[in-house]
4 protein chains.
Amino acid sequence: MGVTMDGTKQQRRGNTRQRIQDVALALFAEQGYEKTSLREIAERLGVTKAALYYHFKSKEEIIVSLFEDLTRPLGELVEWGRQQPPTLETKQEIIRRYSAALAAAAPLFRFMQENQATVRELRIGDTFRQRMMGLRNILIDPDARLADQVRSVSALFTLHAGMFVLQDIESDPEKRREAVMEVAIDLITQAHQGTRDRD
Amino acid sequence: MGVTMDGTKQQRRGNTRQRIQDVALALFAEQGYEKTSLREIAERLGVTKAALYYHFKSKEEIIVSLFEDLTRPLGELVEWGRQQPPTLETKQEIIRRYSAALAAAAPLFRFMQENQATVRELRIGDTFRQRMMGLRNILIDPDARLADQVRSVSALFTLHAGMFVLQDIESDPEKRREAVMEVAIDLITQAHQGTRDRD
Amino acid sequence: MGVTMDGTKQQRRGNTRQRIQDVALALFAEQGYEKTSLREIAERLGVTKAALYYHFKSKEEIIVSLFEDLTRPLGELVEWGRQQPPTLETKQEIIRRYSAALAAAAPLFRFMQENQATVRELRIGDTFRQRMMGLRNILIDPDARLADQVRSVSALFTLHAGMFVLQDIESDPEKRREAVMEVAIDLITQAHQGTRDRD
Amino acid sequence: MGVTMDGTKQQRRGNTRQRIQDVALALFAEQGYEKTSLREIAERLGVTKAALYYHFKSKEEIIVSLFEDLTRPLGELVEWGRQQPPTLETKQEIIRRYSAALAAAAPLFRFMQENQATVRELRIGDTFRQRMMGLRNILIDPDARLADQVRSVSALFTLHAGMFVLQDIESDPEKRREAVMEVAIDLITQAHQGTRDRD
DNA sequence: TATGAATGAGGCTTCATTCAT
DNA sequence: GATGAATGAAGCCTCATTCAT
């Protein structure tokens, strides 16, 4: 990511657009969208602000492009989930895949988590929310007890917590991931079982 | 100017400071801290920007004051928790009280949840994080299995989710609160039991 | 206009708004609207750009305010004209008063004449055009021969020409004004007579 | 890119230069010179900005070239006029020919009329002004009464008015042209007669 | 208790132009 | 005959802040 391949003075081939995205995401995630200025991004890249505008029409377009690129797996996951039978196995698999997607696009998710106020006003907000709700609808049985519905959502939230606030509880990321998965799977299972029990 | 003609609209009895805080919190929660300008706050109040500076030394001080006022219950909760024995009952009571604190200062918590990037850079960030960690340390048994530690944190997160993302799952706030509590209490209980089981 | 009353260091009382308008009009007339930057205006006044924004919401508002202030006499003229009987005397009086209005707001009219492309896109454009058409409708008899209608419009245009392109034909402004008036009055009279003749 | 697939849309036979001029003139006339950007011109043509620079050294050169191409007839008219005797017939013929020139290069004249502020700063300004003054000098008898000199100039202005502001008075362009010509010829004749009368 | 007037820094964006390919 | 990539200058505007009154 953003790593120079030959180590020399940053080859400016066709990769500037990519480099802008990388740097922007890093800064957005670190400081927030509004506090990150285009000047900062440009300076970090050793380019002029105007160069950014050759590649993106506006500041918002930078973040939208990031979002579109990095969020696709989530869309595909929803798509996939919709076509599966609503079994416990499916739900567990969704949790697993979602966790993987989260890990793969960690900086973006961190950004979205920490800048919800911003995201809400950007036109991305809606798309993202829709996808999350798609996911939720697959996990949740609308006839289930309310508490079990909460459990399903909680499973997702637990994964998020695992990415962003549990770093000081256990430093080994692998162990952390395992523990988090255990809880999430447990929650989704209880939610599913609860539903069954009533039958 | 400033003269009360009818006594209706102007209750300014020296409560301007309070009114500033109210309006500011509403706007911060709605649009985020950076996107809310002092001009906006002043306009909403029918005052001049300069007036804000009579009551607060800076923009940051406004939010810090809000934070200090609204977050005190959380501090007291931690204080209280520290003096209790680490029983299951204590933990459950903490969950209950935290939920109440959350409800009482909903806009502020919403703000903090949605503007983490900002909060992190403000000097409040630390205080808040410390309190949250205080809470966590009371709930968590450091010798517990990692998954059980995750469960404890998850309980807190579930309460948050209950405030902010479960509104479309069930519109009756009272039912929602009950269901959320059930899950959170359940999680904390499992976490505690898991710990005991190993003994 | 913009003249300091006491000669000392520009007294900054409540006249800054006025001074901005003066300087802006001068520059707009001299260089055109687009080529005049706010920086230039501010520098000429010994103020910051930001100060301009304390008095006007945008660059466009500066010109709109100028337009509104300076164009009022024209509106009143149209109003007056509408209430007079459509006699030759009325029309001649309109020509005379229009000429006076032109002289009184010469820089603005010069600006509008030389920046029509700009004016068209500003929201002022319409108002101005409407007033000019109001004037024309008073001068023109819709049943008159086309050539006589043209004469009426030509009378107005002659007045404009008198202000802006005849300066090198005769340097004494008073004589110039007289000659221009003679031709304009002559044109409007012919137009009126032509109409009568057909009766 | 640039490959003609069907031969329809692309007649690029080295006529790009011409196409640039056409588009530029259209845009300059519509929006003004300063408000028209090279990006806009390029986009409208389906070319890159850089392509414009292959054909013209600068933005100014585009307009200068337009001016030079389209204004030549005016130069020739002045040339021709200078060699004629200063009779009434000559003057009338000049009015006629000028009207024709105006019609032939309407967009350019419209542009010049509506962007005088810009034109003045471009180096074209002088040339154009000189030509107009040449024309005027042919029409005007320096010994004539001032009012008659004004009449001569007014005749030219009437032609301009005919092109640009009389469109709503009479929609049939042919009738309009006739009426305008009548008035202009009339004015120039009066101017000439006035001069003679004094003899 | 507040306002009116202003500032300095910095934000996003657009422009004409250049140059290697 | 034209493009892709970039630059430097400048534009308009907004913000938090100050201070005399």
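Definitions and cut-offs
- Residues numbered from 1 in each chain as written.
- Chains lettered and ligands numbered in written order.
- Predicted model: local features only at pLDDT ≥ 70, side-chain atom pairs only at ≥ 80, totals over all residues.
- Heavy atoms only, no water.
- Least-squares fit on C-alpha atoms with pLDDT ≥ 70 in both.
- Contact = heavy atoms within 4.5 Å.
- Buried < 20%, exposed > 50% of the residue type's maximum accessible area, 1.4 Å probe, protein only.
- Helix = DSSP H or I, 4+ residues; strand = E, 2+ residues; numbered from the N terminus.
- Arc of directions from axis to C-beta.
- Buried area = accessible area lost by both parts, 1.4 Å probe.
- Salt bridge = Lys/Arg side-chain N within 4 Å of Asp/Glu carboxyl O.
- Polar contact = N/O pair within 3.5 Å; in protein donor to acceptor, adjacent residues only side chain to side chain.
- Nonpolar A, V, L, I, M, F, W, Y, C, P; charged D, E, K, R; others polar.

Student: How do you make sense of the relation of the copies chain B and chain A when you look at a structure like this?
Tutor: The two chain copies are connected by a rotation around an axis plus a translation along it. Superposition of chain B onto chain A requires a rotation of 180 degrees combined with a translation of 0.0 Å along the rotation axis, giving an RMSD of 0.2 Å. Expressed as an axis order, the relation between the two copies is that of a two-fold axis. By C-alpha distance to the rotation axis, the residue of chain B lying nearest is Asn115 of chain B, at 2.7 Å. When the interface residues of chain B are mapped onto chain A, 100% of them are again interface residues, pointing to one common binding face.

Student: Is there a simple way to think about helix α2 (residues 38-45) of chain B in this case?
Tutor: Because the α-helix completes a turn every 3.6 residues, residues three or four places apart line up on one side. All names here are of chain B. Turning to α2, its buried residues number three or more, namely Leu38, Ile41, Ala42 and Leu45. For α2, the angular spread of the buried residues around the axis is 95 degrees, confining them to a single face. Along α2, the residues that are exposed and aim more than 90 degrees away from the buried face are Glu43 and Arg44. Buried residues belonging to α2 abut α1 (16-31), α3 (49-55) and α4 (59-82). Just downstream of α2 lies Gly46, where phi reads positive at about 70 degrees.

Student: What's the story with the interface of chain C and chain D in this structure? I'm lost.
Tutor: It is common to give the size of an interface as the accessible area that goes away when the parts come together. Counting from both sides, the interface comprises 42 residues of chain C and, opposite them, 42 residues of chain D. Buried surface at the junction of chain C and chain D, both sides included, amounts to about 3,600 Å², of which 56% is carbon and sulfur. The largest share of the area that chain C buries against chain D comes from Leu146, Phe157 and Ile169 of chain C, three residues that together contribute 16% of it. Applying the counting criterion to the chain C and chain D interface returns 10 salt bridges. When the shortest N-O distance is used, the salt bridge between Arg145 of chain C and Glu182 of chain D registers 2.8 Å. Where chain C packs against chain D, one counts 18 residue pairs in polar contact (both at pLDDT 80 or more). Elements represented by at least two residues in the side of chain C that touches chain D include exactly α1 (16-31), α6 (106-114), α7 (116-121), α8 (124-139), α9 (146-164) and α10 (173-198) of chain C. It is α9 of chain C that contributes the most residues to the side of chain C that touches chain D, 10 residues altogether. Split into classes, the residues belonging to the side of chain C that touches chain D amount to 17 nonpolar, nine polar and 16 charged.

The values reported here are purely geometric and, on their own, carry no functional implication.
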